[in-house]
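So the chains spell out like this:
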Amino acid sequence: MTRGKWEDMHDIRHLVGVRAAPEDVYRALATIDGLAGWWTEQTSGSAEAGGTIDFRFPNGAFAMKVVDQVPGRSVRWTVIDGPEEWVGTEIRWDLRQEDDFTKLVFTHAGWREPVEFMHHCSTKWAVYILSLKQLVETGTGAPSPHDPKIDSWD
């Protein structure tokens with residue numbers, strides 16, 4: 001039996017409820033200003049489908065190709081530059097309304113192996129997803145360099 005590309009891969013997944021409309025959460029994921037408000041202040045590029053977004057941090061940088069967007073529903077990126085473990089992985093944000101919340105389902109898919117750096121990134125994604133929630137609900141997030149530092153990779 002032949003295994004597909006993603007069958008031998010590992011994923012990071014998180015779920016959070018945001019007390020806001022899906023369109024508000026989507027704006028924080030699909031605009032440069034929105035991304036700079038919760039992930040890193042040093043965000044530039046084009047957040048439109050087909051564009052490339054550059055994210056700069058004190059200890060590194062990432063470039064994401066915006067693969068697909070469905071307003072109020074989803075955003076999907078492919079990592080095209082950054083740490084070796086990230087290049088070629090996919091980041092997906094899925095949104096759905098549930099009562100007074102938008103359920104945000106986050107997936108960082110396609111890790112080749114579950115190395116210690118993946119576990120660090122899982123925790124940092126959780127930190128930043130809570131920053132996204134805070135931004136949308138209160139108007140102020142905690143993007144880099146204001147995010148909590150969790151270990152020596154920060």
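Scroll up for the structure.
Scope of this entry: the structure provided in the associated data block. Residue indices begin from 1 for each chain and proceed along its sequence in written order. For a predicted model such as this one, the threshold for reporting local features is a pLDDT of at least 70, and the threshold for listing and counting side-chain atom pairs is 80 or more; totals across whole chains, interfaces and linings nevertheless cover every residue. Note that water and hydrogens are dropped before the side-chain values are worked out from all heavy atoms of the structure.

**So, the packing of helix 1 (residues 22-30) against helix 3 (residues 116-138)**
Two numbers describe a pair of packed helices, the interaxial angle and the distance between the axes. As a reminder, the rule being used: Each axis is a line fitted through C-alpha atoms, and for a helix only the stretch in contact is used; angles between axes span 0 to 180 degrees, taken between their N-to-C directions. Here a helix means four or more residues in a row that DSSP labels H or I, a strand means two or more in a row labelled E, and each is numbered from the N terminus. Throughout, the term roughly parallel applies to angles under 35 degrees, roughly antiparallel to angles over 145, roughly perpendicular to angles from 65 to 115, and oblique to all others. Helix crossings get a hand from a simple test, with the near helix turned counterclockwise from the far one by less than a right angle marking a left-handed crossing and a clockwise turn marking a right-handed one. Here, residues are in contact when the closest pair of their heavy atoms is within 4.5 Å. For this classification, the nonpolar set comprises Ala, Val, Leu, Ile, Met, Phe, Trp, Tyr, Cys and Pro, the charged set comprises Asp, Glu, Lys and Arg, and every other residue, Gly included, is treated as polar.
At a closest axis distance of 10 Å, the pairing of helix 1 and helix 3 adopts a crossing angle of 125 degrees. As summarised for this structure, helix 1 and helix 3 are arranged oblique, according to the angle between their axes. Every pair of crossing elements has a handedness; the one defined by helix 1 and helix 3 is right-handed. On the side of helix 1, the interface is formed by Asp 24, Val 25, Ala 28 and Leu 29, while helix 3 contributes Leu 132, Leu 135 and Val 136. When the residues that make up the contact of helix 1 with helix 3 are grouped by side-chain class, the tally is six nonpolar, no polar and one charged.

**Focus on the environment of Ala 21**
The following threshold applies: Relative accessible area decides the class of each residue, using a 1.4 Å probe on protein chains only: under 20% of the type maximum gives buried, over 50% gives exposed, and in between gives partly exposed.
Looking at where Ala 21 falls in the secondary structure, it is placed in the loop between strand 1 (10-18) and helix 1. Accessibility expressed as a relative area gives 28% for Ala 21, which makes it partly exposed. Separated by 116 residues in sequence, Ala 21 and Glu 137 have C-alpha atoms that sit 10.0 Å apart. Other than its neighbours up to four places away in sequence, Ala 21 contacts Gln 97 and Thr 102.

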